[in-house]
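Examination of the molecular architecture
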Amino acid sequence: MAVTINISELKETLELTPSDQNIMLVGKHGIGKSEILTSFFNSKGLKVVTLFLGQMADPGDIIGIPSKVEKQDAKGKATSRTDFTPPYWFPQDGQPIVLFLDELNRARPEILQTVMDLTLNRKLAGKALPEGSHVISAVNDGEEYQLTDLDPALVSRFNIYEFRPTVEEWLNWAASENLDERVINFIQDNPTWLDGDSKGYKGLDKSADRRAWKHVSDIMLKVDVIKDIHKRLIAGVVGAAAAAAFIQSAQQRKVITGKDLLLKYDKTMKTVEKYQLHEYAILNESVFRFLENTKLTDREKKLAAKNLGQYIEFLSEQKKKEALANFTAIFEKGTYDKAVSFLVANAFEVYEMLNEFVSSL
């Protein structure tokens, strides 16, 4: 069984692994492998070339097209040989690239034979990738996929990791991308729906995945009142069961976000005062996500710091100790570095209060 890593651990793995060692990521579809790799290596100034091997019908898609090259030797005698015109993606400027071989275990056997030389010698049809290039592959794992068995000799050429982003990492990403808060809160409250259920998959059954919830958000951002057509649309994205659970959640209550609490405190507290513990837990996480991912003006920083102090004071005075303990636990676990920095710079009294609360436990 491969070692399991999350997003932050994947980034550390990419940072620490020498370019001459290949990496294979095992995981479900739609969990952000390509996006994370592209973002990471682009920040390092490296171009990421993605090849979907499962879609390739011929090795020529990787190694290029053969052509006859005629030359004259030193005595003027004509000679000829077969060479391969490099494919469109092959770097011509000598600069290293990151070659991402997606769907490796969906590839035809003849495609996999081509990959063998690439992973061992960094060569394709005799042409070497530029020094410093990386080769990374991704494979799906599960009975629901139509897969090709991989040769043990090929597998041995990779460092293998099971890539499994945490729900918390997805929620933080969702906040940074401004996904609809109803989607974010639903997944926070019902994390088992994030990756759906592939058990008993048949034919065209639709199941939820992380990419699909982004699509749901794109629909919901334009929706104030949920109608029957919206239910049908969402069922087509994540499946009937996930859609029903989400719609029920979205219709049950108006979502109070961290942004609402910190920037419109007086307008939101009448609702917040009636919250149950699990609703405070959702709101608390939303506060941290907002501070972690939002650029605030100086005026907004002052307002947010003031209202955060009032909220913590409310939790203390109204004997909402479990809700305060939940807020403190989020603060203590260190997931939201930028949010904690905000407290230090703009709401130091709250920062000290939370530290004192931690010490008293």
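All of the points below concern the structure found in this document. All figures in this text were calculated on a predicted structure; none of them were measured in a lab.

Comments concerning the pattern of salt bridges
Pairs may arise between side chains of opposite charge once their charged atoms sit close together. Summed over the entire model, instances satisfying the criterion amount to eight salt bridges. Among the ionic pairs, Glu162 bridges to Arg164, the shortest N-O distance being 2.7 Å. Put simply, Glu181 and Arg289 hold a salt bridge, and the shortest N to O gap is 4.0 Å. On the criterion of sequence distance, the pair formed by Glu181 in helix H7 (residues 181–189) and Arg289 in helix H13 (residues 277–293) is long-range, its members being 108 residues apart. Since its relative accessible area comes to 21%, Glu181 is described here as partly exposed.

Things to note about the layout of surface pockets
A volume near 1,100 Å³ is recorded for the largest pocket. If you trace the largest pocket, you find 38 residues lining it, with Ile7, Ile31, Gly32, Ile36 and Trp173 closest to the centre. Looking at the lining of the largest pocket, the elements with two or more residues in it are helix H1 (7–16), helix H2 (33–42), strand E6 (97–102), helix H6 (167–176) and helix H8 (210–220).

A short note on the sheet that holds strand E3 (residues 47–52)
Sheet architecture is open: six strands sit in the order E1-E10-E2-E9-E6-E3, paired in parallel fashion. Where the open sheet ends on each side, the last strands, each with one partner, are strand E1 (3–5) and E3. If you compare each strand with its neighbour and ignore which way they point, the axes differ by 30° on average. Looking at chain direction, E1 and strand E10 (residues 158–163) are connected through three bridges and run parallel. Counted as the bridge partner of Thr4 is Glu162 from E10. Contacts between H1 and the sheet are confined to E1, strand E2 (22–26), strand E9 (134–139) and E10, with E1 contributing the most and set at about 110° to the helix. In the packing of helix H4 (residues 109–121) onto the sheet, contacts are made with E2, E6, E9 and E10, and the angle to E6 comes to roughly 145°.

Points about the packing of H1 against H2
Think of two packed helices as two axes; the pair is described by the angle between the axes and how far apart they sit. Remark: H1 packs on H2, axes separated minimally by 11 Å, with the N-to-C direction vectors making an angle of 45°. Classed by the angle they form, the pair H1 and H2 counts as oblique. Crossing of H1 over H2 shows right-handed handedness. Between H1 and H2, the contacting residues are Ile7, Leu10, Lys11, Leu14 and Glu15 on the first element and Ile36, Leu37, Phe40 and Phe41 on the second. Class assignment of the residues belonging to the contact of H1 with H2 gives a composition of seven nonpolar, no polar and two charged.

Considering a positive patch on the surface
A cluster of basic residues, Lys254, Lys259, Lys264 and Lys267, forms a positive patch at the surface. Considering the arrangement of structural elements, one finds Lys267 in helix H12 (residues 265–272).

Comments concerning the packing of H6 against H7
Packing of H6 against H7 brings their axes to within 10 Å, and their N-to-C directions diverge by 170°. The pairing of H6 with H7 is recorded here as roughly antiparallel in orientation. Side by side, H6 and H7 meet where Val167, Trp170, Leu171, Ala174 and Ala175 of the first sit next to Val183, Ile184, Ile187 and Gln188 of the second. Partitioning the contact of H6 with H7 into residue classes produces eight nonpolar, one polar and no charged.

Some remarks on the side chain of Thr328
Its location among the elements puts Thr328 in helix H15 (residues 321–332). Contacts of Thr328, omitting those with residues within four sequence positions, involve Leu354, Phe357 and Val358.

Concerning H8
Inspection of H8 places Arg210, Ala212, Trp213, Val216, Ser217 and Met220 among the buried residues, and these make up the whole buried set. Each buried residue of H8 sits inside an arc of 150° when the element is viewed along its axis, so together they form one side. Residues of H8 that are buried sit in contact with H6, H7, helix H9 (228–238) and helix H10 (240–252). The N-cap residue of H8 is Asp209: its side-chain oxygen and the backbone nitrogen of Arg211 are 3.0 Å apart.

Remarks on the nonpolar core
Core analysis: the largest hydrophobic core is formed by 35 residues, its most contacted members being Val272, Leu291, Leu308 and Tyr311. Looking at this core, the elements that each hand over two or more residues are helix H11 (258–263), H12, H13, helix H14 (298–317), H15, helix H16 (337–346) and helix H17 (348–360). At seven residues, the largest contribution of residues to this core is made by H14.

Things to note about H6
Inspection of H6 places Glu169, Trp170, Leu171, Asn172, Ala174 and Ala175 among the buried residues, and these make up the whole buried set. Positioned one or two residues after H6, Asn178 has a phi angle of 60°, which is positive.

Brief notes about empty space enclosed by the protein
On inspection of all chains with the given rule, the structure shows two cavities of 30 Å³ or more. Lining the largest cavity are Leu14, Thr17, Pro18, Gln21, Ile23, Phe41, His134, Val135 and Ile136. The biggest single contributor to the lining of the largest cavity is E9, with three residues. Taken together, the residues of the lining of the largest cavity sort by class into six nonpolar, three polar and no charged.

As for the environment of Gln251
One can find Gln251 in helix H10. In this structure Gln251 comes out as partly exposed when scored by relative accessible area, which is 45%.

A closer look at the pairing of E9
With respect to burial, E9 is a largely interior element, six of its six residues being buried. Both faces of E9 are covered, namely the face carrying His134, Ile136 and Ala138 and the face carrying Val135, Ser137 and Val139. As paired elements, E2 and E9 share four bridges and run parallel to each other. Within the sheet, the bridge partner assigned to Ile23 lies in E9 and is Ile136. Pairing between E6 and E9: four bridges, direction parallel. Residue pairing in the sheet places Leu99 in a bridge with Val135 of E9.

Parameters and conventions
- Residues numbered from 1 in each chain as written.
- Predicted model: local features only at pLDDT ≥ 70, side-chain atom pairs only at ≥ 80, totals over all residues.
- Heavy atoms only, no water.
- Salt bridge = Lys/Arg side-chain N within 4 Å of Asp/Glu carboxyl O.
- Helix = DSSP H or I, 4+ residues; strand = E, 2+ residues; numbered from the N terminus.
- Buried < 20%, exposed > 50% of the residue type's maximum accessible area, 1.4 Å probe, protein only.
- 1 Å grid on protein atoms, 1.4 Å probe; cavity = no way out; pocket = protein on both sides within 12 Å on 5 of 7 lines; lining within 4 Å.
- Points joined across faces, edges and corners; volume = space filled by probe spheres on them.
- Pairing = 2+ DSSP bridges.
- Axes fitted to C-alpha atoms, helices over the stretch in contact; angles between N-to-C directions.
- Contact = heavy atoms within 4.5 Å.
- Parallel < 35°, antiparallel > 145°, perpendicular 65-115°, else oblique.
- Left-handed = near helix turned anticlockwise from the far one by under 90°.
- Nonpolar A, V, L, I, M, F, W, Y, C, P; charged D, E, K, R; others polar.
- Patch = residues over 30% accessible without salt bridge, like charges linked within 9 Å, V, L, I, M, F, W, Y side chains within 5 Å.
- Areas by Shrake-Rupley, 256 points an atom, 1.4 Å probe, with all protein chains shown as cover.
- Lys, Arg positive; Asp, Glu negative; His and termini not counted.
- Charge placed at Lys NZ, Arg CZ, Asp CG, Glu CD.
- Arc of directions from axis to C-beta.
- Polar contact = N/O pair within 3.5 Å; in protein donor to acceptor, adjacent residues only side chain to side chain.
- Core = buried A, V, L, I, M, F, W, Y, C linked by side-chain atoms within 4.5 Å.

On their own, these measurements won't tell you what the molecule is for.
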